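Overview (structure and organization)
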Amino acid sequence: MTLPRLENAGIDAWLVRLFETIDETNMPWLTALCRECEAAFGSALIDLVPSYTTVLIHYDPLQYDASEAKDCLLNVLNRLVPDEQAAETSFKEVPVWYDESVGPELTRLASVSGLERDDVIAIHQARDYRVFALGFAPGYAFMGRLDERLVVPRLTTPRQRVPAGSVAVAERQTAAYPSLSPGGWNLIGRTPVTLFDRHRDGFSLLQVGDRVRFVAIDRDTFVELGGDVRPVTETRTAEGA
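Described in the following lines is the structure provided in the data block. As the structure is a prediction and not an experimental result, all values here were calculated from the model.

1. A look at the pattern of salt bridges
Working definition: two side chains of opposite charge can pair if their charged atoms are close together. Inspection of every chain in the model, using the stated rule, returns 17 salt bridges. Salt-bridge contacts for glutamate 7 lead to arginine 17; the nearest nitrogen and oxygen are separated by 2.8 Å. Of this pair, glutamate 7 sits in strand 1 (residues 5-8) while arginine 17 sits in strand 2 (residues 13-17), placing them 10 residues apart in sequence. Assessed through its relative accessible area of 21%, glutamate 7 is described here as partly exposed. Three or more residues joined by partner-sharing salt bridges are found here, namely Arg5, Glu7, Arg17 and Glu20.

Pasting the structure below:
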């Protein structure tokens, strides 16, 4: 099927699928689509949800019916050009205490990857990650792409309680849990920063399109920055481990 493609998502939403594969070069097109939709729909726009390859447009059905909304989106797509400013995104550093007490899969990740523990830490913080999407929980940023040497599957059995700030990896992605929640990713450390705050402009520290670099800190610095040193108590196994 040709792209872009419009997919009906209910009486008040359309999903625009621009790409089939995840790639950082998608971002200028996705941000451009969001910007153009904001202008085209105006007060009728309720929400925009950009993801790796798609954007969900949620509109007021009292102002647009499905056909009118579709026509509006087709007009937007016909004139869409990539956002030249997309590369000039916000850069954010996230401090991380990499330790087995708060990152119980750190040692196992090193073992299955054939690396030393310190190599895993070095590789994880060696590149900038792009925030492709927000979801799962408020402020939860899906970031990629992870170095192939650190690629591991999600845990076979998710934890019921993953502490806030936990930094994790799964497949080609990395993330940090903004709040206490269930989760099935491999924990390798913890950040002391507040990732989601209802009193912050935009709520989430990390936004779609941001570039993020993880920076290793020691335990003392982690504590000074307000980090919670209580260890992860639930143990889980990963697929193939």
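2. Some points on the sheet that holds strand 7 (residues 141-144)
Sheet architecture is open: 7 strands sit in the order 5-13-6-7-10-9-12, paired in mixed fashion. Edge positions in the sheet fall to strand 5 (91-96) and strand 12 (186-190), since each has one partner strand and no second. Across this sheet, the average inter-strand angle for adjacent strands is 35°, counted without regard to direction. Strand direction decides the pairing type here: strand 5 and strand 13 (residues 211-216), joined by 6 bridges, are parallel. Along strand 13, the bridge assignment pairs lysine 92 with valine 212.

3. Focus: the sheet that holds strand 2
Strand-to-strand pairing in sheets goes through backbone hydrogen bonds, with the strands running parallel or antiparallel. Spatial strand order, 1-2-4-3: 4 strands in an open sheet with antiparallel pairing. One side of each edge strand has no neighbouring strand; the edge strands of this open sheet are strand 1 and strand 3 (45-50). The average angle at which neighbouring strand axes cross in this sheet is 20°, direction not considered. In terms of strand pairing, strand 3 meets strand 4 (residues 54-59) through 5 bridges, oriented antiparallel. Residue pairing for strand 4: valine 49 is matched across the bridge by leucine 56. Its contacts with the sheet place helix 2 (residues 66-78) against strand 1, strand 2 and strand 4, and it is angled at close to 25° to strand 2.

The rules we used
- The numbering scheme is per chain: residues are counted from 1 as the chain's sequence reads.
- In view of the model being predicted, local features appear only for residues whose pLDDT reaches at least 70, and side-chain atom pairs are presented and counted only at 80 or more, with totals across whole chains, interfaces and linings using the full set of residues.
- Water and hydrogen atoms play no part in the side-chain values, which are based on all heavy atoms of the structure.
- Just to be clear on terms, a salt bridge is a Lys or Arg side-chain nitrogen sitting within 4 Å of an Asp or Glu carboxyl oxygen.
- We count a stretch as a helix when DSSP gives it H or I for four or more residues in a row; a strand needs E for two or more, and each element gets its number in order from the N terminus.
- Only protein chains enter the area calculation, which uses a 1.4 Å probe; residues under 20% of their type maximum are buried, those over 50% are exposed, and those in between are partly exposed.
- When DSSP locates at least two bridges between a pair of strands, those strands are taken to pair.
- Between N-to-C directions, angles span 0 to 180 degrees; the directions come from axes that are lines fitted to C-alpha atoms, helices contributing only their stretch in contact.
- Two residues form a contact once any of their heavy atoms are found within 4.5 Å.

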